2 protein chains.
Amino acid sequence: MRATVKDVAKLAGVSPKTVSNVINGVVFVRPETRERVEQALVELDYVPNMSARGLRNGRSGMIGLALPDLLRPYSAEVTHLVVELAHRRGWGVQIEETAAEPKREFELLSKARAHLVDGLILNPVNLDDSAVMTAGPLPAVVLIGDVDQDMVSQVAIDNVAAARDMTRHLLDQGFRRIAAVGTPEIPSGSSGTGRIGGSTDAPGTAAARLRTQGYREILAEAGIGPDRELEIGLDRWSPEGAAAVVGRYIDSHELPDAFFCFTDTIAVGALSALWTAGVAVPGDCAVAGFDNIGESRYTVPPLTTVDFDRRLFVESALDLLAERMSDKDATPRRVMIPHRIITRASTAR
Amino acid sequence: MRATVKDVAKLAGVSPKTVSNVINGVVFVRPETRERVEQALVELDYVPNMSARGLRNGRSGMIGLALPDLLRPYSAEVTHLVVELAHRRGWGVQIEETAAEPKREFELLSKARAHLVDGLILNPVNLDDSAVMTAGPLPAVVLIGDVDQDMVSQVAIDNVAAARDMTRHLLDQGFRRIAAVGTPEIPSGSSGTGRIGGSTDAPGTAAARLRTQGYREILAEAGIGPDRELEIGLDRWSPEGAAAVVGRYIDSHELPDAFFCFTDTIAVGALSALWTAGVAVPGDCAVAGFDNIGESRYTVPPLTTVDFDRRLFVESALDLLAERMSDKDATPRRVMIPHRIITRASTAR
DNA sequence: TTGAAAGCGCTACCAC
DNA sequence: GTGGTAGCGCTTTCAA
C-alpha cells in the first residue's frame, strides 16, 4: 500500500501536521525536523493523494479545455499551448471535444461543478445553444474564439476587421471576383438534416458570420456589390468538405479570381480541389486562408493567411481564467488579440 | 454552498446511504423512495464531488494521455480518438506533452500514483530514457507506438514490415535511387547540441530506427546496396525541419528518384521544398509518407502513404489499459495493428 | 514550532 | 430495502 502522511509522520517521529507543513512549505519548520521529514518522504516514496487534497482544499489543480474539433490543426496548436502554459502555472489539462454532441458542453460544466476541474477554457460551437447561456451559477469559464456575449470573460480576435483586411489585400492584388469559402450554411431542404430555421451547428458559426460580414463590407466599399453566388457555404470546416464543395463549385461556375477561405484547413482542401481540376494557383486563381497554422507555410503553394499571436491568445485566456478562479465575482473582461495579414505565394499576382 | 448527499438525504427524508444507492443505481431501491430522492437531487441541483468520490473509491475516472508532440496532426488524430473512445467508457482524459522535457514523463507517472489518473497511455519519446524503464511499481500503463520492451502492455504497428512494403512499392514503380527522410540522427559535432554519444532525443527515435531497418532490408534484397548518402537524418519530425533539410539536400546532391518520408508530416515539408526548388512531383521525383494523416489526401499532389486503422489502434490501447486497470498483475500483452500501402498521385509513374 | 482532533463528501460495511 | 457509522488522506483549526 502507498504511504500516507501518517506513515511518514510516524517514521519521522512527528505529527501529520508537521509533515504537511514540510510538504507545503508555507510555515517555518525547524531545519532538523524538516530534514527528518524529508528523509522519511523519500524513504517511503511518498506521493500525495490528490483526491484527498482536492477534497480538503476544494481545488483539483486541473483545468478543462473544450474545443469543437480536435482534428483541426488549429485545435492542435491551441492544445499544445494550453498544455504548455498551464503546466507552468502548475495546472493539469483535461481535454474534451464538443462538436460531436452539444450535450458535451453541459457535461463539462457539470464536471467543473463536480470539482474535477477548477476552471474551463471553452471554444463554443455555437453560442446560442452553448451551455454558458444557461441560467445558474457558472464555474470559472473563459471563452476563446468568436462569440458575442458579456456573461463570461473572453479572448478573441476581431474577425470582422481581419476579414476586411484580407479582402482588401485581395482587391489590392487586383482580384475582383473574390469567392468566400466557409460562409454560414443556411439550413435548407437540400441539406437533408431536417433542421428548420434556428442556428446551424456548423463549427465556428459565429466566426463564419463575422468573417462573412467583413468580406461583404469591403466588397461593398469597393463598389463591387457582394455576389451571393460567390459565397460558398460549408457545413464543416474540414479539408474533406472544402475539397468536395470547391470541386463542385468550379465544375459549375466561372472560375473566380480568388478564393478567400475562412480557415487554412479549408484552404488546404481548396488547393487540393483546384490542383485536381488543373487550375494553377496562383497563376489562374488565388487562394487565401485564415489562422496561419503551422502547415500553411508548407502548402503548395504557401498560403497567404491571417496571423495572430497564438501564444498571447492562450496566455491571455489563462490569465483571465486565473482571475476568475481567484475571484468568482470579478467583472468579465474581453481581451482582443491583434492580427495581421501574412502574404505568401498563393495570392501572388 | 453546494448541496451534498447529506442535504439531499435530509430533504428527501432518507439516509445518505440511500441517496448514494439511488445515484449509483447498483442496489434496488423502492420506487417511491427513489422518486423522492430524485426530486430532492433536482431541487438542490446536486452535483457529486468527484474528489470525495475519488478519495473513497481510490479511482478518479480519468486516464492520462502523453504524446511527444501535440502539434503533429498525427497527435491530433490520436487525441481525438482517445477522447472519443475513452468518453464512451466513462473516462475523462488528461493530456500531456513530453517531448519538451523528459522530466514530464516522470511527473506523469507520479500523477498516476497520486491517483489523479487511473491509467496512462504513453507514447514514449525514447524508450531508453523513458520513465517506464525505471525500477519501482508502475501504475496501469499502455505504450503506443514504436518501442521494444515487454514490461508493460503495448499497441503498435510493424514498422519494419511497413517500411519494407513502402520501399518495395517504390521499387515496383521503377524507382531505384530512393532516399529515406527521417532516419535516426547521429549526434555529431555539427549538430551543435553538445550531446555526445548516447541516444538522441529526436521524437520517434525507435520508429526511425525500425523504419530505416525495413528500408535497408528491401534495398539489400533488391541488390541495391543501401547508400548512406540517401539516408537523410532529421532531428525533429516537423514540416519545418523536413523542408529545410530536404531543401539543402537537393541543392547539394543529385536528385533521387523518390523520397520515402518516415511520416506524412515530413512529406509535407519535403513536397514544399521540392516545389520551392521547381522539382515536379511526381514528374521529376516521387514522394511517399507514413501514417496516412487526414491531410495526406489533400496535399499537392496527394500522398502515397502507409495506412493503419487508427481507431482500432486506439481502441486496442484502451482495451489493454482497461485490462491493466482491473488487474494490475495481468501479463503485459502486445497488440499489433495491420497496415497497408495507400497509393496516390505522389508516387505515380 | 509542533501535536491532537475534527471534518471535507462520499460510499462500504454491518445492523435492522 | 434502508439507516447508522466509520474511514478514505489530507489540511486546518485550536492548544500546548
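In the block above lies the structure referred to throughout.
Presented here is a report on the structure given in the accompanying data block. Values in this document were obtained by computation on a predicted structure and should not be read as measured data.

Re the overall build of chain A
Looking only at helices and strands, chain A features eleven helices and twelve strands. In terms of overall dimensions, chain A has C-alpha extents of about 85 × 40 × 35 Å along its principal axes. Within chain A, the proportion of its 349 residues that are buried is 56%. Here the analysis covers contacts within chain A between residues at least 6 apart in sequence; of these, 71% occur between residues at least 24 apart. The distance from the centre of the 38 positive side-chain charges to the centre of the 46 negative ones in chain A is 7 Å.

Examining the packing of aromatic side chains
One pass over the full model with this rule turns up six aromatic pairs over all chains. Positioned over the ring face of Phe290(A) is Arg211(A), at 3.6 Å from the centre of the ring. Here the basic side chain of Arg310(B) rests over the ring of Phe308(B), its NZ or CZ set 4.7 Å away from the ring centre.

Description of the sheet that holds strand β1 (residues 62-67) of chain A
In sheet architecture, strand pairing relies on hydrogen bonds along the backbone and comes in two forms, parallel and antiparallel. Here we have twelve strands laid out as an open sheet, ordered β11(A)-β5(A)-β4(A)-β3(A)-β1(A)-β2(A)-β2(B)-β1(B)-β3(B)-β4(B)-β5(B)-β11(B), and mixed in their pairing. Only two strands of the sheet have a single neighbouring strand rather than two, namely β11 (334-337) of chain A together with β11 (334-337) of chain B. Geometrically, the sheet is characterised by an average inter-axis angle of 20° between neighbouring strands, direction not taken into account. Here β1(A) pairs with strand β3 (residues 119-122) of chain A via four bridges, running parallel. Within β3(A), the residue paired with Gly64(A) across the bridge is Leu120(A).

Observations regarding the protein's contact with DNA strand C
Close to DNA strand C lie 23 residues; Ser15(A), Thr18(A), Thr33(A), Val5(B) and Tyr46(B) are nearest. Near the protein, meaning within 4 Å, the atoms of DNA strand C are sugar or phosphate in a fraction of 70%, with bases accounting for the rest. Interatomic distance of 3.0 Å between a side-chain N/O atom of Arg56(A) and a base nitrogen of DNA strand C. Within the contact set of DNA strand C, a phosphate oxygen lies 3.4 Å away from a side-chain nitrogen or oxygen of Asn24(B). For the surface near DNA strand C, the secondary structure elements donating two or more residues are α2 (16-24) and α4 (50-57) of chain A together with α2 (16-24) and α4 (50-57) of chain B. With five residues, the top contributor of residues to the surface near DNA strand C is α4(B). Looking at the surface near DNA strand C residue by residue, the class counts come to eight nonpolar, nine polar and six charged.

Some remarks on the nonpolar core
Residues Phe259(A), Phe260(A), Phe259(B) and Phe260(B) are the most contacted members of the largest nonpolar core, which totals 147 residues. Apart from the residues lying within four places of it in its own chain, the contact partners of Phe259(B) are Ala179(B), Val181(B), Ile232(B), Val246(B), Tyr249(B), Ile250(B), Leu274(B), Cys285(B), Ala286(B), Val287(B) and Ala288(B). Judged by nonpolar contacts, the second largest core, of 26 residues, contains Leu108(A), Leu116(A), Leu108(B) and Val147(B).

Regarding the pairing of β3(A)
Residues and elements named next belong to chain A. Because side chains alternate across β3, one face comprises the buried residues Gly119 and Ile121, and the other comprises Leu120 and Leu122, equally buried. In this sheet, strand β4 (residues 141-144) lies alongside β3 in parallel orientation, the contact comprising three bridges. By the bridge assignment for β4, Leu122 is matched with Leu143.

Here we look at the side chain of Arg324(B)
Residues and elements named next belong to chain B. Tracing the sequence through the fold places Arg324 in helix α11 (residues 310-326). The charged side chain of Arg324 is buried without a salt bridge, its nearest counter-charge being Glu323 at 6.4 Å. A distance of 2.4 Å separates a polar side-chain atom of Arg324 from the backbone oxygen of Ala330.

Details of the sheet that holds strand β7 (residues 231-233) of chain B
All names here are of chain B. Pairing in this open sheet of four strands is parallel, and the strands run β7-β6-β8-β9 from one edge to the other. The open sheet has two edge strands, β7 and β9 (286-288), and neither has a second partner. Strand-to-strand twist of the sheet, defined as the mean angle between neighbouring strand axes without regard to direction, takes the value 20°. As judged from the three bridges shared by strand β8 (residues 258-261) and β9, these two strands associate in the parallel manner. Bridge assignment links Phe259 to a residue of β9, and that residue is Val287. Docked against the sheet, helix α8 (residues 205-221) engages β6 (178-183), β7 and β8, running at close to 165° with respect to β6.

Here's the deal with the relation of the copies chain B and chain A
Applying a rotation about an axis and a shift along it to one chain copy brings it onto the other copy. With an RMSD of 0.1 Å, the operation that places chain B on chain A is a rotation of 180° combined with a shift of 0.0 Å along the axis. Put plainly, the chains are arranged around a two-fold axis. In this assembly the copies share their binding face: 100% of the residues contributing to the interface of chain B also contribute to that of chain A.

Some points on the protein's contact with DNA strand D
Lining the immediate environment of DNA strand D, one finds 24 residues, of which Val5(A), Lys17(A), Tyr46(A), Thr18(B) and Thr33(B) sit closest. Backbone sugar and phosphate groups make up 68% of those atoms of DNA strand D lying within 4 Å of the protein. Measuring from a phosphate oxygen of DNA strand D, one finds a backbone N or O atom of Val5(A) at 2.6 Å. A distance of 2.4 Å separates a phosphate oxygen of DNA strand D from a polar atom in the side chain of Tyr46(A). Elements that contribute at least two residues to the surface near DNA strand D include exactly α2 and α4 of chain A together with α2 and α4 of chain B. When residues of the surface near DNA strand D are assigned to their parent elements, the largest contribution, five residues, is made by α4(A). Across the surface near DNA strand D, the residue classes break down as nine nonpolar, nine polar and six charged.

Quick notes on the interface of chain B and chain A
Chain B puts 48 residues into the contact, and the matching count from chain A is 48 residues. Interface area for chain B against chain A, summed over the two sides, is near 4,600 Å², with a carbon-plus-sulfur share of 64%. Scanning the region where chain B abuts chain A turns up two salt bridges. Linking chain B with chain A are twelve residue pairs in polar contact (both at pLDDT 80 or more), by the criterion used here. At the level of secondary structure, the elements contributing two or more residues to the side of chain B that touches chain A comprise α4, α5 (73-88), β2 (92-97), α6 (103-113), α9 (239-252) and α10 (264-276) of chain B. Of the residues forming the side of chain B that touches chain A, the biggest block, seven residues, is contributed by α5(B). Pairing of strand β2 (residues 92-97) of chain A with β2(B), which is carried by three bridges, proceeds in the antiparallel orientation. Counterpart to Val93(A) in the pairing with β2(B) is Ile95(B).

The rules we used
- Residues numbered from 1 in each chain as written.
- Chains lettered and ligands numbered in written order.
- Predicted model: local features only at pLDDT ≥ 70, side-chain atom pairs only at ≥ 80, totals over all residues.
- Heavy atoms only, no water.
- Helix = DSSP H or I, 4+ residues; strand = E, 2+ residues; numbered from the N terminus.
- Buried < 20%, exposed > 50% of the residue type's maximum accessible area, 1.4 Å probe, protein only.
- Contact = heavy atoms within 4.5 Å.
- Lys, Arg positive; Asp, Glu negative; His and termini not counted.
- Charge placed at Lys NZ, Arg CZ, Asp CG, Glu CD.
- Phe/Tyr/Trp six-rings, centres within 6.5 Å; stacked < 30°, edge-to-face > 60°.
- Lys NZ or Arg CZ within 6 Å of the ring centre and 35° of its normal.
- Pairing = 2+ DSSP bridges.
- Axes fitted to C-alpha atoms, helices over the stretch in contact; angles between N-to-C directions.
- Near = heavy atom within 4 Å.
- Polar contact = N/O pair within 3.5 Å; in protein donor to acceptor, adjacent residues only side chain to side chain.
- Nonpolar A, V, L, I, M, F, W, Y, C, P; charged D, E, K, R; others polar.
- Core = buried A, V, L, I, M, F, W, Y, C linked by side-chain atoms within 4.5 Å.
- Salt bridge = Lys/Arg side-chain N within 4 Å of Asp/Glu carboxyl O.
- Least-squares fit on C-alpha atoms with pLDDT ≥ 70 in both.
- Buried area = accessible area lost by both parts, 1.4 Å probe.

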